[in-house]
Amino acid sequence: MSVSEYKRALLYRKAQANVCKNDYFKKIQSFTNCAIERASFINLEETDGIINSLKDKEIISKTKVKVENYQQLIYFIKERVAGLSSYLLIDEEWKFCGLYKISNKFSSDYNFDKLHSDEIRIISCDLSFQIQIDYDYNEIECEYISYT
């Protein structure tokens, strides 16, 4: 992609952010149980850089994590993310609004159905791991990916 194509795509994404921002903010607030802090958003250029850096890293391991319910999922996330800052990506909205930097606060009752949500990703700020969560008709799949 040329520089001008990237800039055009970036403008489009920024315009789309206005369309999905409210839903994205609700999802973030519901997942973190905290008020939205605008300073915690990573701009789109930096977001792209982080995602591209992650794509370039070598995967050490990919592990499917068995979780029966959302509470088990939150327990697993808290265990892995303890003491670390992470980036939160929810559904497709992050592509338009940017990554959201989070600490260790997670809600115990995120409602995938009510929020029309089906994917959550948590990436450690040091890019050493990623937790991918997929939701499909009351079934939660979780994968833990480690990077070099």
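Before any of the text, the structure's been laid out above.
Residues numbered from 1 in each chain as written. Predicted model: local features only at pLDDT ≥ 70, side-chain atom pairs only at ≥ 80, totals over all residues. Heavy atoms only, no water.

### Re the sheet that holds strand E5 (residues 129–136)
Spatial ordering of the open sheet is given by E1-E6-E5-E4-E2-E3, a layout of six strands whose pairing is antiparallel. Taken across any chain shown, the strands that pair with only one partner, and hence form the sheet edges, are strand E1 (59–65) and strand E3 (100–102). Strand-to-strand twist across the sheet, computed as the mean angle between neighbouring axes with direction ignored, equals 20 degrees. Relative to E3, strand E2 (residues 86–90) is paired through three bridges, and the arrangement is antiparallel. (Pairing = 2+ DSSP bridges. Helix = DSSP H or I, 4+ residues; strand = E, 2+ residues; numbered from the N terminus. Axes fitted to C-alpha atoms, helices over the stretch in contact; angles between N-to-C directions.)

### Topic: unusual backbone geometry
At Asn33, a position not held by glycine, the phi torsion is positive, near 60 degrees. As for its placement among the helices and strands, Asn33 is situated in the loop between helix H1 (3–32) and helix H2 (44–56). A positive phi angle, near 55 degrees, is found at His116, a position not held by glycine. Structurally, the position occupied by His116 is in the loop between E3 and strand E4 (119–124). His116 sits in the exposed class, given a relative accessible area of 69%. (Buried < 20%, exposed > 50% of the residue type's maximum accessible area, 1.4 Å probe, protein only.)

### Examining H2
In a regular helix each residue adds 1.5 Å, so 13 residues correspond to 18 Å; H2 covers 18 Å between its end C-alpha atoms and thus fits that length. Taken together, the buried positions of H2 are occupied by Leu44, Thr47, Asp48, Ile50, Ile51 and Leu54. Relative to the axis of H2, the buried residues are bounded by an arc of 165 degrees and lie together on one face. Next to the buried residues of H2 lie H1, E2, helix H4 (94–97), E4, E5 and strand E6 (139–147). Between the side-chain oxygen at the start of H2 and the backbone nitrogen of Glu45 there is a gap of 3.1 Å, and the oxygen is on Asn43. (Expected span 1.5 Å × (residues − 1). Arc of directions from axis to C-beta. Contact = heavy atoms within 4.5 Å. Polar contact = N/O pair within 3.5 Å; in protein donor to acceptor, adjacent residues only side chain to side chain.)

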